[in-house]
Amino acid sequence: MKHSVYGHGRTLRKARENVEQGLALIGVTAPVTITVQTPEMEKLRAARAASDAALREAVEALALRRTTLRDIAEVTQTPTAEVKRLLADNLEDRNYDEREDPS
């Protein structure tokens, strides 16, 4: 569940504590995540999302060409465990799409 609230503090830790205290007053106890909203941070998040998408596409394309996990990891400069996770996620997504497709 998300609650949009405002808090304040000299540091992110203090602001998080302030928000947690405010939520506790209304009976909500949950971890608080503070997301900084500036044009620069939005640009950074977009760049990271684009990089993640490009990595997923590259891993999938290389796997379709029967490239070994070790080689995929090397050329993408990604740990082998992450390559395995991306391939598993891709397979899971594809299986989900096939279940949803009525044709």
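All values reported here derive from a predicted model rather than from experimental measurement.

A. Seen up close, the overall build of the chain. In terms of regular secondary structure, the chain is built from four helices and zero strands. When the helices and strands of the chain are read in sequence order from the N terminus, they spell out α-α-α-α. Against the 2.2 N^0.38 benchmark of 13 Å for 103 residues, the chain shows a C-alpha radius of gyration of 20 Å, more extended than a compact globule. Projected onto the principal axes, the alpha-carbon positions of the chain cover approximately 55 × 35 × 25 Å. Accessible surface computed for the chain: about 8800 Å², of which carbon and sulfur atoms make up 53%. Of the side chains in the chain, 16 bear a positive and 17 a negative charge, and the two mean positions are spaced by 8 Å.

B. Structural detail: helix 3 (residues 69–76). For helix 3, every residue scored as buried is listed here: Ile 72, Ala 73 and Thr 76. All buried residues of helix 3 fall inside an arc of 100 degrees around its axis, so they share one side. Opposite its buried face, helix 3 presents the exposed residues Arg 70, Glu 74 and Val 75, each directed more than 90 degrees away. One or two steps after helix 3, the chain reaches Gln 77, where phi turns positive at roughly 55 degrees.

The rules behind the values
- Residues numbered from 1 in each chain as written.
- Predicted model: local features only at pLDDT ≥ 70, side-chain atom pairs only at ≥ 80, totals over all residues.
- Heavy atoms only, no water.
- Helix = DSSP H or I, 4+ residues; strand = E, 2+ residues; numbered from the N terminus.
- Rg over C-alpha atoms; globule rule 2.2 N^0.38 Å.
- Areas by Shrake-Rupley, 256 points an atom, 1.4 Å probe, with all protein chains shown as cover.
- Lys, Arg positive; Asp, Glu negative; His and termini not counted.
- Charge placed at Lys NZ, Arg CZ, Asp CG, Glu CD.
- Buried < 20%, exposed > 50% of the residue type's maximum accessible area, 1.4 Å probe, protein only.
- Arc of directions from axis to C-beta.

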